[in-house]
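Chains, contacts and geometry: an overview
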Amino acid sequence: MKILVPIKRVIDPYAKVKPLDDGTGLNLSGVKFEINPFDEIAVEEAVRQKEKNPEIQIIVVSIGGPESEEQLRKALAMGADEALHVETTDQLDPSIVAKELTAVVKEQNPTVILLGKQATDNDNNQTAQMLAAQLEWPQATFASKIEFNDGKANVTRETDTGEEVLAIPLPCVITTDLRLNEPRFIPLPGIIKARSKPLTKLERQTSDQPRVEVLSYTAPPTRSAGKKVATVDELIAELKSKGALA
Ligand code: AMP
């Protein structure tokens, strides 16, 4: 069984990023980059499945600039067996990523593609769904538990009304939710061992250009300072003066 885990290099989700003054982009100077947190959960899940079934082979793949190698090496250090890097500095959008991943899937024939439910830099939540549609594979999104048996994936999803357990045939596409697991801390030997694991460079297989254009970035309005009040009456008066209470 082969699990393919697409991982994206994203701005550290804890970094405070501001738009450029002209709104045409983000000011990324001094900003750290990480594996998209949901993709880290996907790698962790693949590694946990491999710990239960050592026959599993884990391939991680990233589409992006030369720097994405850093995140692929981290995924190898977490326990992935092999990495593929579709190296490109082209502008990407979920439709292009899904097409490139489709080409990788045709080459690699994975049994399961385990993606993050969304990339935290753009919150698109589109790539997995587009990929499943292109491949005509069944999909289960927002997994909080995954079990494989009898040629099927049993996927638990947390919904507003409780837990839903789905069974979908393999091959399939699954996306990870936050509660699926907590990614492991990588010990130093893992990082050193990862340096000798295979990382193959690939070229883009499609030439599509993004059809979605970001027009501008605007920072949210700055919050005004809070005020302490001594009594409930004072609070009510304050709220009335701000028009928040009639
Ligand atoms: P999105 O649809 O952009 O929110 O991304 C959903 C998921 O698609 C991510 O969590 C990754 O698993 C995968 N993905 C998105 N962009 C890339 C990329 N450039 N390289 C590899 N995987 C990606």
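Given the structure is predicted, the values throughout are model-derived calculations rather than measurements.

The rules behind these values
- Residues numbered from 1 in each chain as written.
- Predicted model: local features only at pLDDT ≥ 70, side-chain atom pairs only at ≥ 80, totals over all residues.
- Heavy atoms only, no water.
- Near = heavy atom within 4 Å.
- Areas by Shrake-Rupley, 256 points an atom, 1.4 Å probe, with all protein chains shown as cover.
- 1 Å grid on protein atoms, 1.4 Å probe; cavity = no way out; pocket = protein on both sides within 12 Å on 5 of 7 lines; lining within 4 Å.
- Sits in = over half its atoms within 2 Å of the grid points.
- Helix = DSSP H or I, 4+ residues; strand = E, 2+ residues; numbered from the N terminus.
- Nonpolar A, V, L, I, M, F, W, Y, C, P; charged D, E, K, R; others polar.
- Core = buried A, V, L, I, M, F, W, Y, C linked by side-chain atoms within 4.5 Å.
- Buried < 20%, exposed > 50% of the residue type's maximum accessible area, 1.4 Å probe, protein only.
- Contact = heavy atoms within 4.5 Å.
- Polar contact = N/O pair within 3.5 Å; in protein donor to acceptor, adjacent residues only side chain to side chain.
- Pairing = 2+ DSSP bridges.
- Axes fitted to C-alpha atoms, helices over the stretch in contact; angles between N-to-C directions.

Here we come to the site of the ligand. Taken together, 18 residues surround the ligand, and among them Asp 39, Ile 63, Ala 119, Asn 125 and Thr 127 come closest. In isolation the ligand has 490 Å² of accessible area, and contact with the protein removes 98% of it. When atoms are counted within 2 Å of each cavity's grid points, the one that captures over half of the ligand is the largest pocket. For the shell around the ligand, the secondary-structure elements that each account for two or more residues are strand 6 (57-64) and strand 8 (112-116). Element by element, the count of residues in the shell around the ligand is highest for strand 6, at three residues. Each residue belonging to the shell around the ligand can be placed in one class, and the counts come to seven nonpolar, nine polar and two charged.

Another aspect to go through is the environment of Glu 51. Tracing the sequence through the fold places Glu 51 in helix 1 (residues 37-52). C-alpha of Glu 51 to C-alpha of Gly 79: the two residues are 28 residues apart in sequence and 9.7 Å apart in space.

Turning our attention to the nonpolar core. Val 5, Val 43, Val 60, Leu 114 and Ile 174 are the most contacted members of the largest nonpolar core, which totals 34 residues. Sequence-distant contacts of Val 43, defined by excluding residues within four places in its chain, comprise Val 5, Ile 7, Val 60, Ala 75 and Met 78. Grouped together as the second largest cluster of nonpolar side chains are 19 residues, Ile 63, Ile 113, Leu 131 and Val 173 included.

By the secondary structure assignment, Asp 12 is in the loop between strand 2 (9-11) and strand 3 (18-19). There is a polar contact of 2.9 Å between the side chain of Asp 12 and the backbone nitrogen of Tyr 14. Excluding anything up to four places from it in sequence, Asp 12 contacts Lys 32, Phe 33 and Glu 34.

With that settled, consider the side chain of Arg 204. Mapped onto the elements of the fold, Arg 204 is located in the loop between strand 13 (199-202) and helix 6 (232-241). Separated by 3.1 Å, the side chains of Arg 204 and Glu 100 make a polar contact. A distance of 3.1 Å separates a polar side-chain atom of Arg 204 from the backbone oxygen of Thr 206. Not counting residues within four places of it along the chain, the set of residues in contact with Arg 204 comprises Val 86, Thr 88, Asp 90, Ile 96 and Glu 100.

What follows concerns unusual backbone geometry. The step from Leu 170 to Pro 171 runs through a cis peptide bond, and the omega angle for that step is 0°. Among the secondary structure elements, Pro 171 is positioned in the loop between strand 11 (162-169) and strand 12 (172-176). Phi angles above zero are rare outside glycine, and Asp 123 is one such case at about 50°. Assignment of secondary structure puts Asp 123 in the loop between strand 8 and helix 4 (127-135). The class of Asp 123 is partly exposed, set by a relative accessible area of 46%. Phi at Asn 125 takes a positive value of approximately 55°, unusual for a residue other than glycine. The residue Asn 125 is located in the loop between strand 8 and helix 4 in this model. Judged by relative accessible area, Asn 125 falls into the partly exposed class, the value being 28%.

Attention now goes to the sheet that holds strand 13. Strand order in the open sheet formed by nine strands is 11-10-9-12-8-1-6-7-13, with mixed pairing between adjacent strands. With partners counted over all chains shown, the strands left at the sheet margins are strand 11 and strand 13, one partner each. In this sheet, adjacent strand axes meet at a mean angle of 30° when their direction is disregarded. Where strand 8 lies against strand 12, five bridges are found, and the strand directions are parallel. Looking at strand 12, one finds that Val 112 is bridged to Cys 172. Together, strand 6, strand 7 (82-87) and strand 13 form the strand contacts of helix 2 (residues 68-78), whose direction differs from that of strand 7 by roughly 165°. Seen against the sheet, helix 4 touches strand 8, strand 9 (139-149) and strand 12 and runs at an angle of roughly 155° to strand 8.

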